[in-house]
Structure formats: structure tokens, C-alpha cells
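The primary structure of each chain is shown beneath.
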Amino acid sequence: MCGIVGYIGPKEKKEILLEGLQELEYRGYDSAGIAIIEGDKLNNYKAIGKLENLREKTKAYKSEGFGISIGHTRWATHGKPTELNAHPHLGAYSYVVHNGIIENYQELKVELQAEGVSFLSQTDTETIVHLFEKYYNKSNDAFPAFEETIRRLEGAYATLLITEAAPDTIFFAKNGSPMLIGFDKDEVYFASSDTPIIGKATEVYYLEDGEYGYVKEGTVHLFDSNGSKSFTKQALTADKVSAQKDGYRFFMEKEIYEQSHVMGDTMIGRVLDNSINFEELDENFFEGINAIKICACGTSYHSALTSAYLFERISKVRCDIEIASEFRYKEPLLTKDTLFITISQSGETADTLEALKMAKRAGLKSLSICNVDNSSIVRESDAAILTRAGIEKGVASTKAFATQMMVLWMLTLYVGQEKKSISKEVLHKEIDAMLRTPKALVVTDELHAKLQRLSKRYLHGHGFFFIGRDIFFPLALEGALKLKEISYLHAEGYPAGEMKHGPIALADSELFTIALMPKTMHYDKIKSNVEELSARDATILAISPEPFDLADDFIQTTYDSHPMLEFFEMMVVTQLLALEISVRLGNDVDMPRNLAKSVTVE
Ligand code: AGP
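Residues numbered from 1 in each chain as written. Predicted model: local features only at pLDDT ≥ 70, side-chain atom pairs only at ≥ 80, totals over all residues. Heavy atoms only, no water.

What is the right way to read unusual backbone geometry from this model?
What you tend to see is this: most non-glycine residues have negative phi, and most peptide bonds are trans. The step from His-87 to Pro-88 runs through a cis peptide bond, and the omega angle for that step is 0°. If you trace the backbone, Pro-88 turns up in the loop between β4 (67–74) and β5 (89–90). Notably, Glu-331 is not glycine yet its phi reads approximately 55°, a positive angle. With respect to the helices, strands and loops of the structure, Glu-331 is situated in the loop between α9 (324–327) and β18 (338–344). Residue classification places Glu-331 among the exposed residues on the basis of a relative accessible area of 71%. (Helix = DSSP H or I, 4+ residues; strand = E, 2+ residues; numbered from the N terminus. Buried < 20%, exposed > 50% of the residue type's maximum accessible area, 1.4 Å probe, protein only.)

See the structure below:
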């Protein structure tokens, strides 16, 4: 997600903007920029990559005196992460920053180009500044020009605009993307969340959808579709870390709730009406590829395991999976018709990186699926597809796993398109299911409350078995890992059909079985596996759309005709279960003992 900051007043502005953007780093970005107007002096700096690149570019610059200023960190959705696509975007004499998506930008761009406007970037944002100048050049009146501009926009936006035509004013508008206004006496700040202005502003107003206006001489003039309106400021919290958690108890909890939203970012520009598109991949990328090998660690290994079922079932391409720390020393047989895919949230996992280098030395083509642009694994790979989950701070991975799964699912369809191994009907059915995924990831109050209640029964015992079949077996592994990582209780993920080959000897009332029982995937078989365990007095927590009366605890999920939708919904249940058990045990959910967010050593 992108980040916005703004400031109007007499203080030095560069530092205010850069410090503010630094506070928004946790949202994830791949470029950044600032623009400052002081009287007749305009200064605009942009840089790709990390904020220190922008700091380096601006180190000789220092603003003086009263002025207006805006800053932005960009997470590329439309157009690659380049300086040209970085915000602020410049017109002839105005700058704009924007979060969200202007859904009618193509139509606006064509209209403006027909009037002779030339565009520098591939972004939707640039249309805002040219539209404003189009209206200002006619009316010579800045606010009505801004008002008309906002009226033309369709979609989600949080935007700030500054212009030489009004060097004492910042224009703002909010619809669908967050933005707030901070106050400190007659100085005014803007930001996409409160952390950038904590310690600077003392009061805050959180803009509502459809609100817009301008600030001049320390006064905010607020409007909505009914005209001018008043507003009430509230005290601003002074605690940055709790602010970054946006009110959740833990980053992990926040990131579980974010899954529904970030999934939309993961799909932007990739899930089209009747096809899948990856602008990161050259059109002949899969030429000569007859097999896929995926290599990863931990949770990333679980998303890889899940995708193997999809690649073979949907794309009809052989796919095998490797644990990176094993792969490195097994003297593998590698053939050049195999695409070597690495999956990594951090892009810095040592075992995965070394495995990638091994495959490259053997002459294999490489692709990474990663959440951090410009990371070592991304830079080492022939191509990279970013998961766009935003920065994941909880050590126990959640939204990164969910977005890895979505990228892999999209990739199976993409390979099916390339190999012509998927029919139009199947492709359409899969895309239809994909578009319903964000809804399947929504955490409802009743679900969370139920898991909070029943977690009290699972704080002891001699262990947990998470069991599932097909793609629900890797999900069982992932659910067990989540629980182990943050509760420190022992848990295993196991193929449901394998329990009778030994582990069922453990069955008794102190053995907790978390049974993933989807209706769309071998339900009758998983049901009989669970009945065998129940008959031996195992304590069963069944997760299923179908009521199961032998369950000691039961979480009813939504029936959906597609197994991946059941997969994502059950994933949320296992994540919340682990979270609530860990909370009851009083553990540090975000930074569990002995663990690091990125294992950069062997
Ligand atoms: C996941 O919850 C764990 N934190 C861990 O297993 C992690 O998935 C593993 O270390 C791989 O990390 P990566 O995805 O950054 O490569």
C-alpha cells in the first residue's frame, strides 16, 4: 500500500516529509518522492528503492520559510517501479500525490491527450494533475478547478495537490483510501495514517469518504457533496507502535485482517476479465519449459506444496517441491527444461538463496515469488513476481502466505494459457473463484469471538494433529506451523489418510485433532478418517461447511463450489486459532521466542 504525507507551515519541510515517509515504510513501497513550493521556488525529488536513496538525493537541499509540501511512498500497481512512475506527479506548475486507483483514468487520459496534454508516466495518478491544470487554465481559480477535478474521478483515492497558482494552499480529497489531517496550532499536516504525524500534531481529523477541501492560513475548509461542512478534531495518540497496529493487539492480528484487502492488490493488473496477465514475464518465458521445481522454506514451502497440486491438475505440468536446506546438499538431478521457482516473503532466506544459485549454476531458468522488491532472491532471479502483501511485521507469516497462494494460483492458470492446457470454461471458472477470494478472507466478529472462546480448551494436552487431504494437507502443515511458532505447543500437520499408518496410536482425549473437512475435496474420505479418530476418543475440532456431530468443537465455514475458496477460509480459521491460543498463553505473538522474521543464516 502507498503512503502519503503533507505539511503547510514555516518549519523545515524536507525532514518532516522524509521522517513521515519513514514511518510509513511498514506499508511497503518501491519508490518515493517529495515536492515543496516556497513562494516561487518549486523543488521536486524522486527515487526508486529504499527511502535512503531519496535522502541521498536531497541531502544538499533544505527548505526555508513558509511553504507547502507533499510526499509519497509508492507500491507499484499501474506501471513498473521507476522514477517516472514515482509520485509526486508534475503538471506544468502543479504536483499531486495519490493513493488508490482511478478507475476511469484511461478515459480521462485519452480526453487530455486529445487536448494536447503529454503524459510522462504509466500511472493513473498523473491524470489528476493534468485535469486540475486543464480547469485552472480556464477559470484561473484554483479551488473550483480542484473541485471539478475531484468530481470527474471515479474509484478510490486519497490525494494531495499543490500548485504554483496557490503557493499558500494544499488541496486534498479522500474517497476509499485513508487520509487524515493533523493540527498543531496554525500548522497543518496530512498523512495516510497517524504514525507520520505523531509527535508533530496534537489533534487530528480522520477524513470521511467523499470529503475534500483546502487548507490555507492554518484553516481547513472542508466540503462534501452537500457543500461546506464543519468537523471536530480529536486528540492524537502519542504511541507510534500502537498506531502502526491500527488498533489491533498485534501486527499478526492486523495482518490476518489485512488479507482480504491486500489480496486485491495482489490481483490488480493480473486477473483480467478472461485471462491472467503477468507484465513481469516476457511472452516467451515458458518456452522450452516442461517441468517446474519449487524451492522454499517454512510457510513459503507450504504454499509451494499446495501449488504442486494446482500445477499438475490445472496446468498439466509436472511440479515437484524441495525444502531449500535439503535441496542444497542432496546433489539433485536438474534438467534445463525445468523452471526453478523460489518462494520467499523476505527474499533474504539463506537456504533459499543458495538453492537458487545452485539451480542457476546448473543452467536452469529462475523465477522468484517474493514480497520484497530488490531483495537478494529477487535480484538473483531471471524474473520476479511480487506478492504485494505490504510489509509483514509478524514473525509468523500470514498475509504473505495468502498472497503467495494467490500468485501461485494465478501462475497455474497463466501456464495453462501458455501451454494451451486449460479450456476457456475452466479458465473462466477459476477466475470467477479468484475474484471471490477477498470476501472469503474477511474475518467476521462472530468467527473471531468463537475462536477466542474455544481456544481456552486447547492450552494443554500432548499435542495437536492438523489433518487434511489434497491441498488441505499442506494447509494442515501450515496450520500446525502457525500454532507451534507462537504457542510453543507441539503440533503436526498430517495427511488424513496416513493417520491409520501409525499416528492413530496417539489417539486419546488429550490428542487434539484439527480436521480440515472441505465439502469440495474428498469429503467422505476425510469424514471417515475423522470418525476413526473420534472412535478412539481423540478430541476433534472440525472445520467444515458441513455440520459434523462427532466434533467436540465445530467451526462452520461457508460452502463454496471451489476448493481454493474453502482453502482460504479455513486458512483464516487456523491462523486465528493459533493467535488466540498464543494470547491465552501470554506469549509474544509478534516476536515468538527463538525465531527471526528472516533467517539469513544457514
Ligand atoms: C513462517 O511463519 C515462518 N516465520 C518461517 O517458516 C518462514 O516462512 C521461513 O523462514 C521462510 O521465510 P521466507 O518466506 O522469508 O523465505
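Now that the structure has been shown, the text picks up again.
Which parts of the structure should I look at to understand the nonpolar core?
The tendency in soluble globular proteins is for nonpolar side chains to be buried as a group. Ranked by internal contacts, the top residues of the largest apolar core, which has 90 residues, are Leu-281, Ile-294, Trp-409, Leu-411, Phe-464 and Phe-568. Among the elements that line this core, the one with the most residues is helix α18 (residues 563–584), at 13 residues. Residues within four places of Phe-568 in sequence aside, it is in contact with Met-263, Ala-402, Met-405, Met-406, Trp-409, Thr-437 and Leu-441. Counting 27 residues, the second largest nonpolar core, distinct from the first, contains Val-96, Tyr-105, Phe-119 and Phe-171. (Core = buried A, V, L, I, M, F, W, Y, C linked by side-chain atoms within 4.5 Å. Contact = heavy atoms within 4.5 Å.)

Can you walk me through the side chain of Glu-23 in this structure?
Relative to the helices and strands, Glu-23 resides in helix α1 (residues 13–23). Not counting residues up to four positions away in its chain, the partners in contact with Glu-23 are Thr-195, Pro-196, Lys-240 and Gln-244.

Would you mind showing me how to read a positive patch on the surface here?
Together, Lys-450, Arg-453, Lys-456 and Arg-584 make up a positively charged patch on the protein surface. By secondary structure assignment, the location of Lys-456 is in the loop between α15 (445–454) and β21 (464–468). (Patch = residues over 30% accessible without salt bridge, like charges linked within 9 Å, V, L, I, M, F, W, Y side chains within 5 Å. Areas by Shrake-Rupley, 256 points an atom, 1.4 Å probe, with all protein chains shown as cover. Salt bridge = Lys/Arg side-chain N within 4 Å of Asp/Glu carboxyl O. Lys, Arg positive; Asp, Glu negative; His and termini not counted. Charge placed at Lys NZ, Arg CZ, Asp CG, Glu CD.)

Would you mind going over the packing of aromatic side chains with me for this structure?
Any pair of aromatic rings gets described here by the distance separating the centres and the angle formed by the planes. Scanning the entire structure with this criterion turns up 28 aromatic pairs. Summarising the aromatic geometry, the rings of Phe-143 and Tyr-212 are spaced 6.1 Å apart at their centres and angled 25° between planes, so their arrangement reads as stacked. Within this pair, whereas Phe-143 is found in helix α5 (residues 142–152), its partner Tyr-212 is found in strand β12 (residues 211–216), the two being separated by 69 residues in sequence. For the pair Phe-143 and Tyr-212, one class covers both residues: buried. Look at Tyr-212 and Phe-223: their rings are 5.8 Å apart centre to centre, the planes differ by 20°, and that puts the pair in the stacked class. (Phe/Tyr/Trp six-rings, centres within 6.5 Å; stacked < 30°, edge-to-face > 60°.)

Explanation requested: empty space enclosed by the protein in the structure shown.
As enumerated under the stated definition, the model contains two cavities of 30 Å³ or more in all. Elements represented by at least two residues in the lining of the second largest cavity include exactly β1 (3–9), α1 and β10 (187–191). Residues that form the lining of the second largest cavity fall into these classes: six nonpolar, two polar and one charged. (1 Å grid on protein atoms, 1.4 Å probe; cavity = no way out; pocket = protein on both sides within 12 Å on 5 of 7 lines; lining within 4 Å. Points joined across faces, edges and corners; volume = space filled by probe spheres on them. Nonpolar A, V, L, I, M, F, W, Y, C, P; charged D, E, K, R; others polar.)

Please clarify how the sheet that holds strand β15 (residues 234–235) should be interpreted in this entry.
By way of backbone hydrogen bonds, the strands of a sheet pair with one another, either parallel or antiparallel. The strand order across the open sheet formed by eight strands is β3-β2-β4-β1-β10-β9-β11-β15, and the pairing between neighbours is antiparallel. The open sheet terminates on both sides in strands that have one partner only, identified here as β3 (41–48) and β15. Strand direction decides the pairing type here: strand β11 (residues 203–206) and β15, joined by two bridges, are antiparallel. In the strand pairing of β15, Glu-203 is matched with Ala-235. Across the face of the sheet, α1 comes into contact with β1, β2 (31–38), β4 and β10 while running at roughly 155° to β2. (Pairing = 2+ DSSP bridges. Axes fitted to C-alpha atoms, helices over the stretch in contact; angles between N-to-C directions.)

Teacher, can you tell me more about the sheet that holds strand β17 (residues 318–323) here?
The strand order across the open sheet formed by five strands is β17-β16-β18-β19-β20, and the pairing between neighbours is parallel. Edge positions in the open sheet fall to β17 and β20 (383–386), since each of these has one partner strand only. When the angles between neighbouring strand axes are averaged without regard to direction, this sheet yields 20°. Taken together, the four bridges between strand β19 (residues 365–370) and β20 define a ladder with parallel strand orientation. Counterpart to Ile-369 in the pairing with β20 is Ile-385. Strands β16 (291–296), β17 and β18 of the sheet are contacted by helix α8 (residues 298–315), whose axis makes an angle of about 170° with β17. This element, helix α10 (residues 350–361), spans β16, β18 and β19 of the sheet and lies at about 165° to β18.

Any chance you could explain the pairing of β1 here in plain terms?
Two faces, one strand: in a regular strand the side chains alternate between the faces of the sheet. With seven of seven residues buried, β1 lies mostly within the body of the structure. Of the two faces of β1, both are covered, the one formed by Gly-3, Val-5, Tyr-7 and Gly-9 as well as the one formed by Ile-4, Gly-6 and Ile-8. Bridging between β1 and β4 involves seven bridges; their strand directions are antiparallel. Residue pairing for β4: Ile-4 is matched across the bridge by His-72.

What's the story with the site of the ligand in this structure? I'm lost.
Neighbouring residues of the ligand: 15 residues in total, closest Ser-300, Ser-344, Ser-346, Thr-349 and Glu-485. Contact between the ligand and Ser-397: an oxygen atom at 2.8 Å from a main-chain N or O atom of the residue. The side chain of Glu-485 places a nitrogen or oxygen atom 2.6 Å from an oxygen atom of the ligand. Isolated, the ligand exposes 410 Å² of accessible area, and the fraction of that covered by the protein chains is 91%. Put simply, the ligand lies in the second largest pocket. Going through the elements one at a time, α8 and α16 (472–487) are the ones with two or more residues in the shell around the ligand. For the shell around the ligand, the per-class residue count stands at five nonpolar, eight polar and two charged. (Near = heavy atom within 4 Å. Polar contact = N/O pair within 3.5 Å; in protein donor to acceptor, adjacent residues only side chain to side chain. Sits in = over half its atoms within 2 Å of the grid points.)

Could you clarify how one ought to interpret the layout of surface pockets in this entry?
Empty space left among the atoms is revealed by rolling a probe the size of a water molecule over them. Space inside the second largest pocket adds up to approximately 550 Å³. Along its surface, the second largest pocket is lined by 23 residues, and Cys-297, Gly-298, Thr-299, Ala-596 and Val-599 are the ones closest to its centre. For the lining of the second largest pocket, the secondary structure elements donating two or more residues are α8, β18, α10 and α16. With three residues, the single largest contributor to the lining of the second largest pocket is α8. Tallied by class, residues from the lining of the second largest pocket come to seven nonpolar, 12 polar and four charged.

Without other data, these values stay purely geometric and don't point to any function.
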